[in-house]
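Chain by chain, the residues run as shown.
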Amino acid sequence: MKQSSIFTAALSSLALLIMTACSTTPTDMTKANIIPKPVSVTATGETFSLTRNSDIFVPEGSVDIISTGQFLADKLNPSTGLDLQVIADGTKPGKGDILLTLSEGDAELGEEGYELEVTGKLLKITANKPAGLFYGVQTVRQLLPAGVETTTLQEGLWEIPTGTIRDYPDYSYRGMMRDVARHFFSADDIKIFIDQMAAYKMNVLHLHLSDDQGWRIEITSWPNLAIHGGSTQVGGGEGGYYTREQYADMVKYAAERYITIIPEIDMPGHTNAALASYPELNISRKASELYTGIKVGFSTLDTKSEVTYKFVDDVFRELTELTPGPYLHIGGDESHSTKLEDYIPFVNRVQEIVAAHGKMVIGWDEIALATLKPNSVVQYWAKAENAIKGVQQGAKVLMSPSKYAYIDMKYDSTSVYGLNWAGYIEVDHGYNWDPATLVPEIKRENIIGIEAPLWAETVSNRTEAEYLLFPRLLGYAEIGWTPTALRSWDEYRVRLASHGARLEAMGISFYRSARVEWDQQE
Ligand code: IFG
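Sequence order as written defines the numbering, with residues in each chain counted from 1. Residues qualify for local features only when their pLDDT is at least 70, as the model is predicted, and side-chain atom pairs are given and counted only at 80 or more; totals for whole chains, interfaces and linings, by contrast, use all residues. The basis for every side-chain value is the complete set of heavy atoms in the structure, and neither hydrogens nor water enter the calculation.

## Examining the sheet that holds strand β7 (residues 158–167)
Inference 1: If you trace the seven strands from one edge of the open sheet to the other, you get β1-β7-β5-β6-β4-β2-β3, paired in mixed fashion. Strands with a single pairing partner mark the edges of an open sheet, and in this sheet they are β1 (40–50) and β3 (86–87).
Inference 2: Here strand β5 (residues 114–118) runs beside strand β6 (residues 122–127); their pairing, made up of four bridges, is antiparallel. Its bridge partner lying in β6, Leu116 is registered against Ile125.
Inference 3: Here helix α2 (residues 63–80) sits on the sheet and contacts β1, β2 (56–57), β3, β4 (97–102) and β7; the angle it forms with β4, its principal contact strand, is near 155 degrees. We treat two strands as partners when DSSP finds at least two bridges between them. Helix numbering and strand numbering both begin at the N terminus, where a helix is a DSSP run of H or I of at least 4 residues and a strand a DSSP run of E of at least 2. We call two residues contacting when some pair of their heavy atoms lies within 4.5 Å. The axes are straight lines fitted to the C-alpha atoms, using for helices just the contacting stretch, and the angles between their N-to-C directions are given from 0 to 180°.

And the structure:
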């Protein structure tokens, strides 16, 4: 080694020493601010380092594990510059490598759980199913500094404290809803949101595809629904819709992140966009005008016309072709212009149509006024007595109580966007509730999970939507994943504070609630 390069090498190792000394080398895994909070964390007090020699090892030939390994590499390489490769040729991992592997059967972990074991030599994620490995990967991201979430090269050491995390979700349905009918959001915007949800282990995206103000999915047998019904939105803007290909692409993108898409076609109310597109769907047999306001409850399909049921059958047939998931959402809310004696047989018949296409029904809690199929799900939003009727009929309940989970509600009276009819939902209020005890007659075993709906009357682009979605989404992710016994606002708010830098690094324009002492930039 030349004289000068000895000097250079000495200088750079001194710099590294200084940097290491002053940067807090992480050695205590129990201090990691993971959201959702894992079921158990055991620290072993050392440090694992990712270096240029690190790679990601996955079992030979397992396609979905290879894609999870590639997902991790794609998240880490731009910011760390470590050029991690996915190795799937059966060679063994060495020091500083990551290993994703399926276990022989760790019953406690279930379908979505994982074990993350970090030593000074190896970072290993084990799970019964590929979904668990994907969730372990999300935890690995959060064990690294916030800078790892940027897409530009960051200086620094990429160190992870050693220890073991055993983790698995409380509820199997951990969802968000996006209303793309009031204001249209592009497929690209929705894919960005899918990625954001995946980082917090959420696994269902309910898309509210139709309403009074817009029809947002191409239906080839009824083309005017999208062409005319999708041509505007609240406020009169140009609206839009997803072609079948764009919708299929969102479904695929979501599935790669273990997120199931549930499409909703709201009916018999909230149907003005369809009524404006086809005269024959109207009781008057005259097409309604397109609507760009935010009133609700004024529209109804003609529940007595056979054309209506052909429409419903065609729409759900075409959606079934594009929906690998088990559910179709039939809406059913605020049908104030449909007589109850007409609403009930309509919902009963729509349930039969959905079943005939091999899918199960989810509907807003009013559907419990009809005769529910036992595998139907009642989405509790407004009336507990409806949800309780659902329980009495053997249906499961999806908890979306408007007073706690409607994140189109303002944080407080100063909020720039949002509504306030269900009350204000500051970050602590949105976190401080337990789905299993909120309504005494709705027991833990009746509940399939939780979902936070973002209705889009007052937001029309990604920045505005993120103002209402974040940071509250992180709380719903934790409510769906972490056992209530492990949750408390005082402890959560400290972890949440450290996620400000992560949300920033992910390019999310979140609301800096004063209820959280956001960490200074790392
Ligand atoms: N209720 C309506 C939504 C939306 C919402 C806004 C349901 C099930 C009020 N129905 O919530 O369409 O307008 O907060």
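## Let's talk about the site of the ligand
Inference 1: Whether a residue is near a molecule or strand depends on its heavy atoms: if one lies within 4 Å, it is near. Residues in close proximity to the ligand total 14 residues, the closest being Arg182, Tyr406, Asp408, Trp421 and Glu457.
Inference 2: Polar contact is defined as a pair of N or O atoms within 3.5 Å, subject to the rule that within protein one atom must be able to donate a hydrogen and the other to accept it, and that residues adjacent in sequence are counted only when both atoms are side-chain atoms. In this structure, Asp333 approaches the ligand through a side-chain N or O atom, which is 2.9 Å from a nitrogen atom.
Inference 3: Between Trp455 and the ligand, the recorded distance is 3.4 Å, taken from a side-chain N or O atom to an oxygen atom.
Inference 4: Across the complex, the protein chains shield 96% of the 350 Å² of accessible surface that the ligand would expose by itself. Surface accessibility in these figures is a Shrake-Rupley result with a 1.4 Å probe; residues are shielded only by whichever protein chains are displayed.

## A short note on the environment of Phe346
Inference 1: As for its placement among the helices and strands, Phe346 is situated in helix α9 (residues 340–356).
Inference 2: Under the scheme applied here, a residue whose accessible area is under 20% of the maximum for its type counts as buried, over 50% as exposed, and between as partly exposed, the area being computed with a 1.4 Å probe on protein chains only. On the basis of relative accessibility, which here comes to 1%, the residue Phe346 falls in the buried class.
Inference 3: Dropping the residues within four chain positions of it, Phe346 is found in contact with Met267, Pro268, Leu301, Thr303, Thr308 and Tyr309.

## A closer look at the packing of aromatic side chains
Inference 1: Pairs were defined over the aromatic rings of Phe, Tyr and Trp, the Trp ring being its six-membered one, requiring ring centres within 6.5 Å. Orientation was assigned from the angle between planes: stacked under 30 degrees, edge-to-face over 60, tilted for the rest. Under the criterion given, the structure shown has 25 aromatic pairs.
Inference 2: Measuring from centroid to centroid gives 5.4 Å for Tyr467 and Tyr511, while their planes differ by 70 degrees, and the two rings are edge-to-face. Placement of the pair is Tyr467 in helix α13 (residues 462–469) and Tyr511 in the segment after α15 (489–505), with a sequence separation of 44 residues. Each member of the pair Tyr467 and Tyr511 is classed as buried.
Inference 3: Geometrically, the ring pair formed by Trp489 and Tyr492 is tilted, given 6.0 Å between the ring centres and 50 degrees between the ring planes. With Trp489 and Tyr492 both in helix α15 and three residues apart, the pair spans about one turn of that helix. No difference in accessibility class separates Trp489 from Tyr492, as the two residues are buried.
Inference 4: For the cation-ring pair, Arg178 lies above Phe193, with the distance from its terminal atom to the ring centre recorded as 4.7 Å.
Inference 5: Stacked on the ring of Trp481, the Lys or Arg Lys201 has its end atom at 5.6 Å from the ring centre. For a lysine, the NZ atom is tested; for an arginine, the CZ atom; a charge sits over a ring if that atom is within 6 Å of the ring centre and within 35 degrees of the ring normal.

Bear in mind that shape data such as this cannot, by itself, settle questions of function.
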